[in-house]
Amino acid sequence: MTQRPASPAGSFEETEITLIDAEADSAPAPLATPARSTAARFLLGLSLVLIAANLRPVFSSLSSILPEVVQGAGLSTTSASVLTTLPVVCLGLFAPIAPRLAQRLGAERVLLAVLLVLALGTGLRGFGWVPILFFGTVLSGAAIAVGNVLLPGLVKRDFPDRAAMMTGLYTMALCAGAAAAAGITVPVETAFGSWQLALAVWALPALAVACIWAPQTLRLNAAHAHKQHRVEGLWRDPLAWQVTFFMGLQSAFAYIVFGWLSPILRERGLDAATAGLVVSTDVMVQVAACLVIPSIAVRCRDQRLINTVLISCAMLALLGFIFAPLWSIWILAVVQGIGQGGLIAVAMTMIVLRSPDARVAAYLSGMAQGGGYVIASLGPLLVGLIHSWTGSFVACAWLLLLIGGGAITAGLGAGRAKHVQVKQYDL
């Protein structure tokens, strides 16, 4: 058993690449996908981007027509809260199994299963029967959790010479998928008069991409044996917990936007289509922030100030959606998008910055995503419960302040220029 000493602070060479490879602790390292021609390489890159675009519509499509779903399915507000929270809970529960599945079966084949399960779960949400609605949501959330963990590693692994470009395209695809669902679901529901169809229609893109991806898996590398590797002490390290809480609390804001921003705006008097467009605008602004903020963050001496500024933007804009005049809604969407998009990117970047090497980054990413998404799930759940208890979103302001205060506190700790203290072993 050989102990691997941690690298000195500042020696990690990948600080400008925010994508984390979940198989970074594998030995031998996973082989790159054999794209034999420019056309095959383009198809591979396009497929990965299209897969990313399918990892967010489950969230924003439901929130856009949540009042119609509640009325049509006969859900209580509490049940609606659970429904909007289930996918986020699944992100935390199923993320840790993704690397094991990839090492056993191959990441490419697991991603094909992700697309098929996602299409199945999304399609089941269109049946209208409440148990099937919840079951489909769990299936979709589990698939997204695994895809969330594995896809960034494939993007990073198969395009090392285009890492920055692919990082941007991957991020844009995530946001574009969420924005499209927020903006298109309401028109579909209006045109066909069916909330079931409006939810189920998002199974079609996942199924289409599965058809594109499936032939490529036939020529991919078979899974091969992996040497076991162990990282000890991560769950006892205070800095690792600060990174995890920062990831979870900033994600709570993100999933409150996905799950409840449209209902908040509709309660204030906006029609469903306009509310969906506001959410879509918010998410699209996140794209630009995701692309710009990491390059700023890695050039700072530490990330404490930028974490505080971004949390403040995201939190104050959310409070504005509840209290500010309606004429300011579009301005608030831009401000919230800048804050939220920056937070997503900085949270992932800090996983890299706080890790001494790529292997520790993979383990810290698993901890931050697994534990963080469980924390994040409390955000949309509590918003729904508070609305159920009070009949209004006004009281949710205290929750937003609490989440924001906690995120700033965690961000001040996680933003320090330090590395997590762990021991590494090859077995």
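Thresholds applied
- Residues numbered from 1 in each chain as written.
- Predicted model: local features only at pLDDT ≥ 70, side-chain atom pairs only at ≥ 80, totals over all residues.
- Heavy atoms only, no water.
- Salt bridge = Lys/Arg side-chain N within 4 Å of Asp/Glu carboxyl O.
- Helix = DSSP H or I, 4+ residues; strand = E, 2+ residues; numbered from the N terminus.
- Buried < 20%, exposed > 50% of the residue type's maximum accessible area, 1.4 Å probe, protein only.
- Axes fitted to C-alpha atoms, helices over the stretch in contact; angles between N-to-C directions.
- Parallel < 35°, antiparallel > 145°, perpendicular 65-115°, else oblique.
- Contact = heavy atoms within 4.5 Å.
- Phe/Tyr/Trp six-rings, centres within 6.5 Å; stacked < 30°, edge-to-face > 60°.
- Expected span 1.5 Å × (residues − 1).
- Left-handed = near helix turned anticlockwise from the far one by under 90°.
- Nonpolar A, V, L, I, M, F, W, Y, C, P; charged D, E, K, R; others polar.
- Patch = residues over 30% accessible without salt bridge, like charges linked within 9 Å, V, L, I, M, F, W, Y side chains within 5 Å.
- Areas by Shrake-Rupley, 256 points an atom, 1.4 Å probe, with all protein chains shown as cover.
- Polar contact = N/O pair within 3.5 Å; in protein donor to acceptor, adjacent residues only side chain to side chain.
- Core = buried A, V, L, I, M, F, W, Y, C linked by side-chain atoms within 4.5 Å.
- Disulfide = S-S within 2.5 Å.
- pLDDT = per-residue confidence, 0-100.

Counted by the stated rule, this structure contains three salt bridges. Of the charged contacts, one joins E68 and R266 as a salt bridge, the two residues approaching to 2.7 Å between their closest N and O atoms. One end of the pair, E68, is in helix 3 (residues 66–73); the other, R266, is in helix 11 (residues 238–267), and 198 residues separate them in sequence. Residue classification places E68 among the partly exposed positions, given a relative accessible area of 21%. Note on R266: relative accessible area 21%, which makes it partly exposed. In this structure, R304 and D302 form a salt bridge, with 2.7 Å as the shortest nitrogen-oxygen distance. Look at D302 and you get buried, because its relative accessible area is 13%.

Put simply, helix 5 (residues 98–105) and helix 6 (residues 107–124) touch, their axes get as near as 7 Å, and they point 120° apart. Taken as axis vectors, helix 5 and helix 6 run oblique relative to one another. Two secondary-structure elements touch here, helix 5 through L101, A102 and L105 and helix 6 through A107, R109 and V110.

Our focus in this paragraph is the packing of aromatic side chains. Any pair of aromatic rings gets described here by the distance separating the centres and the angle formed by the planes. Taken as a whole, this structure holds seven aromatic pairs when the rule is applied. Aromatic side chains Y255 and Y373 sit 6.2 Å apart centroid to centroid with 75° between the ring planes, which places their arrangement in the edge-to-face category. Of this pair, Y255 sits in helix 11 while Y373 sits in helix 15 (residues 358–390); the two residues are 118 residues apart in sequence, bridging distant segments of the chain. Given a relative accessible area of 5%, Y255 falls into the buried group.

This brings us to helix 13 (residues 304–323). The end-to-end C-alpha separation of helix 13 is 28 Å, in line with the 28 Å expected for 20 residues at 1.5 Å each. Among the residues of helix 13, those classed as buried are I306, N307, L310, I311, A314, M315, A317, L318, L319, G320, F321 and I322. The inward-facing, buried residues of helix 13 contact helix 11, helix 12 (272–297), helix 14 (329–353) and helix 16 (396–414).

Our focus in this paragraph is the packing of helix 2 (residues 57–64) against helix 11. At their nearest, the axes of helix 2 and helix 11 sit 8 Å apart, and the two run at 15° to each other. The angle between helix 2 and helix 11 falls in the class roughly parallel. For the element pair helix 2 and helix 11, the recorded crossing hand is right-handed. Residue-level contacts link F59, S60, S63 and S64 of helix 2 to Y255, F258, G259, W260, S262, P263 and R266 of helix 11. A class-by-class count of the residues in the contact of helix 2 with helix 11 yields five nonpolar, five polar and one charged.

Looking now at a nonpolar patch on the surface. A contiguous nonpolar patch, built from M165, L169, M172, L291, V292 and I296 and spanning about 480 Å² of accessible area, is present on the exposed surface. Structurally, the position occupied by L291 is in helix 12.

To continue, consider the side chain of S64. Counting through the fold element by element, S64 comes out in helix 2. Residue S64 is classed as buried on the basis of its relative accessible area of 1%. A distance of 2.9 Å separates a polar atom in the side chain of S64 from the backbone oxygen of S60. Here S64 is in contact with A181, A182, T185, V186, S262 and R266, once residues within four sequence places are set aside.

With respect to the helices, strands and loops of the structure, A314 is situated in helix 13. Its relative accessible area of 0% is what places A314 among the buried residues. Setting aside anything within four residues of it in sequence, one finds A314 in contact with F253, Q336, G339, Q340 and L343.

Counting 129 residues, the largest nonpolar core has V69, L151, W213, Y255 and F321 as its most contacted members. The leading source of residues in this core is helix 11, at 17 residues. Sequence-distant contacts of L151, that is, excluding residues within four places in its chain, are made with L48, I51, A52, L55, L111 and Y170.

What follows is about the environment of L291. For L291, a relative accessible area of 41% puts it in the partly exposed group. Residues L291 and M172, spaced 119 residues apart in sequence, show a C-alpha to C-alpha distance of 8.5 Å. Excluding residues that lie within four positions of it along the chain, L291 makes contacts with G168 and M172.

What follows deals with the side chain of S47. For S47, the position within the fold is in helix 1 (residues 38–53). The exposure class assigned to S47 is buried, which follows from its relative accessible area of 1%. Leaving out residues up to four positions away in the same chain, S47 has contacts with V209, I212, W213 and Q216.

Here the structure, examined in full by the defined rule, presents zero disulfides. Left unpaired, C290 is separated from the closest cysteine sulfur, that of C175, by 4.7 Å. With relative accessibility at 7%, the residue C290 sits in the buried group.

This part covers the confidence of the model for the chain. With 86% of its residues at a pLDDT of at least 70, the chain reaches an overall mean of 83. Here residues 1–17 scores under 50 on pLDDT; set against residues more than four positions off or in separate chains, the count is 39 contacts.

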